[in-house]
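Residue-level structural notes
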Amino acid sequence: MAKLEQSIDRYAAELDPETSFAVRDASKIKTEQRFDTLWADFEDPNAMRKLAGQVKQHTLENLPRYLAQAEASFQRNGANVHWAVDGDEANAIVLDIMRRRNATKIVKSKSMVTEEIELLPFLEEHGVEAIETDLGEYIVQIDGDHPSHIISPIIHKNRKQVARSFEREGIGEYTEDPEELTRIARRFLRKKYLEADVGMTGANFVLADSGRIVIVTNEGNARFSMAATKTHIVVVGIEKVIPREEDLPLYMNLLGRSATGQAMTVYTQLIGGPKLEGQEEGPEEMHVIFLDNGRSDALASECREILRCIRCGACMNICPVYRQASGHAYRAIYPGPVGAVLSPLLALKNGGFHQLADLPKASSLCGACQEVCPVDIPIPDLLLRLRARGKEESAARGAIDSPGFGMWAIAASQPAAWKMGLAMGHAMNVAPHAWLNAHPSAKSWQSTRDLPKFRGGEFRKWLNARKGGNEK
Amino acid sequence: MSARDTIFSKIEAATESLAGKTALPELEKAKAFRSRFVPESEAVEELERCFERSWTSAQGKLVRSEAELIELLKTMGAKKGYLDSSLSSGDLTSEFEVSSLFDRERVDEYDFGISRATCGIAETGTIALIDRDTPNRLGALAPWIHVAVLEREKLRARLYDALTDFQKDPSVVLVTGPSKTADIEGLLIVGVHGPGEQICWLV
C-alpha cells in the first residue's frame, strides 16, 4: 500500500506564492480588525463570547423542543416547513417545489449549507438555471471552483483572474479596476434577479419564538432576490436555531465584528413568511427546509459544541495552519479549525469520517481559535477528541506521520530496558545525530531543530536519595 | 419513517441525557453588554446625536430638510426617482421627475427611491424597513440612491428596543449604510446589488 501523505502539509508546500501571500495578508487584516472593534467597543468581550456560547449550548441540548417550536412558528407565519435527512433529500425537495411552481430559474445568496449539499450542480443537471449572486460566489461558480473561506470565498484569487473570468464568460470587458468589475457584476446580476422565479437563501439564525430566519449580507443580494422573485426557499441546518428573538442582539454584537470587523453588517434581514398582501414585490410562498446531513450524529458525539458555530470565520483568519495552507487544503466545504472538526463529523459520503481523519491533526493546538470564537467553542479539545476517535477506529488517515511508539512502549513497560535506554541517552551526546535520521519522523523533527544535550538519568538517583530521608 | 421522524428520533436520543445541563441565561445578562456607542439616555437629542455619529461612520448620509435633500440629490446628478405614494412630494416633484409607481422592467431608469423607515437604531446607525411601511421592496433597493424618511420619534437606543417595532411583519430589513463588498482582494467597494448611496432624511 502506498504511504499516505499529510495532504495539508503538501498543499501548503505546493501553494503558489501569490495565493499564499493573499491568504496570509487578508487573514491578518481580518484578525486585527476583529480585535480592534470588539475590544474597543466592549469592556469584556470574553464574557460576552461565553454567554453567547451558553445560549447556543442550551439550545443544542434542548434541540427537539426548539426545533418543534420553530416549525410551529413558521407554520403560524404562513411558511411551509420541510425536513431533509441528507443533502439528496434536500435537493429533491427544492426541485419538487420548483416543479410545482413551474419555476426554471433560481438566484441564490451565499450559503455554505447549499455548498455542502451541492445543490447548484444538482439543479443544473435537472435543467434549472441556477445563479450565485454573492460577488465572490458568482466568480467561484463561473470558474467551476470552490470557495476557500466561508466569508471571503475568493480570498485565493486576484483582480486579474476575476477580470479574465468575466471576459471569458462574455460578461464584461477586461478591466483591472475592482470598482468597474463590481459594476459589471451589478448590471449582469440584476437582470438575473428580475428574471428568476425563485430566491434561495440559507439562514444565519432561526428564531424559534417568532418564526423568522435571519440573513446577514453586505452586498444586498439576499435582499434583491427577496424583492424580485415570487418564491423563497431556505435551506438551513437544524443547529441554527436560537430560542428567542431577543437573543439576536447578543449575536449581532459578535457576528459582524468577528467576521469583518464591522459593528453591524450592512443588511440584516428578519424574514418570517411570504410578503404582506399589499406589498407589490416579493415572494408569495416561503419554504424552510431543515437539514440534518450528519448534524444529529455530531449532536450525539462528544463534539456537539461545534454545532454552536455561527460561521464568522474568525478561527480561520487567526489560525497559523490556515494562513499557511489556505482553505482548499482542507478538502472540504468548511475549512480552518472549525472545518477540521466539523468536516469529518459531517462527512457521510466517500468513506465518511475516515476520509478526513487527518484534519484534526492539522493543528498545533495553540488555542487561538477558541480565544477568538464568538461562541467560545473549545476547538482544541474537540480536535483532541477527534484524534482519539481516529485512533480508536484505526483510521489510516488519522495516523499519517505519527511517530512509531512501539519501541517506547517496550522500553516503558520493562525497567531493565528503560535503564539501558537512559545509558544510551548519554551515548547520544557523543554519537553523530545523523544516526537518528534513520527514522523519518526524527529526521523531519531535526530538520528545523537541534537536539538538546541529554541530561537525563539523574531522577532515580535523586528519588532514591530522597527516600532515604535526605531532602536534597 | 418520515424524514421529520427520523431526525427527531435521532436528536431526541442524542439529547436525552442532556436536559437541564446548561441553563438558558437570563436576557438581562446579555443586555448588560453595552457597546461604547449605546446612547447615555433615551432623550431624543441624545438618540439623534448617537444615530448621526454611527450612521455617518457607516457611510450613510443624513439630511434634515427637503431643501437639503434636493440639494444633495442634485449634487449626485439625480434626475428621476421613485417616491412612495404615502409620502407627500412637495418640492421634490418640481425639481425631479418623480413617480409613485416602480416599474420592474426599468429598474435602472430610477436614480433614486424614497420610502419610509419604520424606526432607527442609534447605537449602530441602522434603519429598519418593513413590508407594512414599504409598498415596493424593489423601489427601496434597486436605484443607486435610497432615501429613507425617518421620524425623530422613531429613534431607538438599541436593537433590543426596536424589536417591538417589527411586530409580525414578514420582512424586516435592517440597513446600516450603503451596499458593500470586499470580495476582490479585500478592497472595499460600495454599491454592489443595493444602493451605492444611502441617505436618511430625519423629519
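Residues numbered from 1 in each chain as written. Chains lettered and ligands numbered in written order. Predicted model: local features only at pLDDT ≥ 70, side-chain atom pairs only at ≥ 80, totals over all residues.

Looking only at helices and strands, one finds 6 helices and 12 strands in chain B. Relative to the 2.2 N^0.38 estimate, which gives 17 Å for 203 residues, the radius of gyration of chain B is 21 Å and therefore markedly larger than a compact globule would have. Once the C-alpha set of chain B is aligned to its principal axes, its extents read approximately 70 × 45 × 40 Å. Here chain B holds 203 residues, and 49% of them are scored as buried. Pairs at least 24 apart in sequence give 70% of the contacts found in chain B among residues at least 6 apart. (Helix = DSSP H or I, 4+ residues; strand = E, 2+ residues; numbered from the N terminus. Rg over C-alpha atoms; globule rule 2.2 N^0.38 Å. Buried ≥ 20, exposed ≤ 12 C-beta atoms within 10 Å, placed from the backbone. Contact = placed C-beta atoms within 7 Å.)

Bringing the overall build of chain A into the picture now. Helix and strand counts for chain A stand at 23 helices and 10 strands. Taking all 472 residues of chain A together, the buried fraction comes to 52%. Expressed as a percentage of contacts within chain A between residues at least 6 apart in sequence, the contacts between residues at least 24 apart total 74%.

All names here are of chain B. One open sheet holds the 6 strands; their spatial order is S1-S12-S7-S4-S2-S3, and the pairing between them is parallel. Looking at strand neighbours, the two that pair on one side only are strand S1 (61-63) and strand S3 (97-99), the edges of this open sheet. When the angles between neighbouring strand axes are averaged without regard to direction, this sheet yields 25°. As paired strands, strand S4 (residues 112-116) and strand S7 (residues 145-150) are joined by 5 bridges and run parallel to one another. The residue bridging serine 115 from the neighbouring strand is alanine 148, located in S7. (Pairing = 2+ DSSP bridges. Axes fitted to C-alpha atoms, helices over the stretch in contact; angles between N-to-C directions.)

Contact with chain A, which involves 75 residues of that partner, is made by 62 residues of chain B. When residues of the side of chain A that touches chain B are assigned to their parent elements, the largest contribution, 8 residues, is made by helix H10 (residues 178-195) of chain A. Taken together, the residues that form the side of chain A that touches chain B break down as 37 nonpolar, 22 polar and 16 charged. Where strand S9 (residues 267-271) of chain A meets strand S9 (residues 171-175) of chain B, 5 bridges bridge the pair, whose relative direction is antiparallel. Residue pairing across strands places isoleucine 271 of chain A opposite serine 171 of chain B, the latter belonging to S9 of chain B. (Nonpolar A, V, L, I, M, F, W, Y, C, P; charged D, E, K, R; others polar.)

Below, the discussion takes up the domain arrangement of chain A. Split by domain assignment, chain A resolves into domain 1 (7-14 + 296-399), domain 2 (42-293) and domain 3 (409-467). On a C-alpha basis, the centroid separation for the pair domain 2 of chain A and domain 3 of chain A is 57 Å. (Domains from an automatic or database assignment.)

The subject of this paragraph is the nonpolar core. In this structure, Val236, Ile289, Leu291, Ile306, Cys315 and Val341 of chain A together with Ala128 of chain B are the most contacted members of the largest nonpolar core, which totals 189 residues. Broken down by element, the residue count for this core peaks at 7 residues, all from helix H12 (residues 248-260) of chain A. Of the domains in this structure, domain 1 (7-14 + 296-399) and domain 2 (42-293) of chain A are the two that each give at least three residues to this core. If we ignore the near neighbours within four places in the chain, the residues touching valine 341 of chain A are Cys303, Ile306, Pro360, Ile379, Leu382, Leu383 and Leu386 of chain A. (Core = buried A, V, L, I, M, F, W, Y, C linked by C-beta atoms within 7 Å.)

Turning next to unusual backbone geometry. A negative phi angle characterises most non-glycine residues, just as the trans form characterises most peptide bonds. Despite not being glycine, serine 394 of chain A has its phi angle at roughly 50°, a positive value. Along the chain, the position of serine 394 of chain A falls in the loop between helix H19 (379-392) and helix H20 (406-412). Serine 394 of chain A gets classed as exposed once you count the C-beta atoms within 10 Å, which come to 10. The phi angle at glutamate 185 of chain B is positive, at roughly 55°, despite the residue not being glycine. The topology assignment puts glutamate 185 of chain B in the loop between strand S10 (180-181) and strand S11 (189-190).

Moving on to the sheet that holds S9 of chain B. On the basis of which strands lie adjacent, the open sheet formed by 8 strands has the order S8(A)-S5(A)-S6(A)-S9(A)-S9(B)-S6(B)-S5(B)-S8(B) and mixed pairing. The open sheet has two edge strands with one neighbour each: strand S8 (241-242) of chain A together with strand S8 (155-156) of chain B.

Another aspect to go through is the pairing of strand S7 (residues 231-237) of chain A. Residue and element names in this part refer to chain A. A large share of S7 lies buried, amounting to 7 of its 7 residues. Across the two faces of S7 the burial is the same, with Thr231, Ile233, Val235 and Gly237 and His232, Val234 and Val236 all buried. In this structure, strand S4 (residues 198-201) lies alongside S7, joined through 4 bridges in parallel fashion. The residue of S7 that forms the bridge with glycine 199 is histidine 232. The pairing of S7 with strand S10 (residues 285-291) spans 7 bridges and is classified as parallel. Each residue of the ladder has a partner; that of glycine 237, found in S10, is leucine 291.

On to the packing of helix H16 (residues 336-346) of chain A against H19 of chain A, then. Packed helices, taken two at a time, are described by their axes: the angle between them and the distance between them. All names here are of chain A. Viewed as axis vectors pointing N to C, H16 and H19 meet at an angle of 40°, and their least axial separation amounts to 10 Å. Relative to H19, the element H16 lies oblique. Classified by chirality, the crossing of H19 by H16 is left-handed. Of the residues in H19, those in contact with Pro337, Val338, Ala340, Val341 and Pro344 of H16 are Ile379, Leu382, Leu383 and Leu386. Its residues placed into classes, the contact of H16 with H19 shows 9 nonpolar, no polar and no charged. (Parallel < 35°, antiparallel > 145°, perpendicular 65-115°, else oblique. Left-handed = near helix turned anticlockwise from the far one by under 90°.)

We now examine helix H4 (residues 63-76) of chain A. All names here are of chain A. With 14 residues, H4 should cover 20 Å at 1.5 Å per step; its first-to-last C-alpha distance of 20 Å lies within 8% of that length. For H4, the set of buried residues is Leu63, Tyr66, Leu67, Ala70, Glu71, Ser73 and Phe74. The buried residues of H4 occupy an angular sector of 165° when projected down its axis, which confines them to one face. At the exit of H4 stands glycine 78, carrying a positive phi of roughly 85°. (Expected span 1.5 Å × (residues − 1). Arc of directions from axis to C-beta.)

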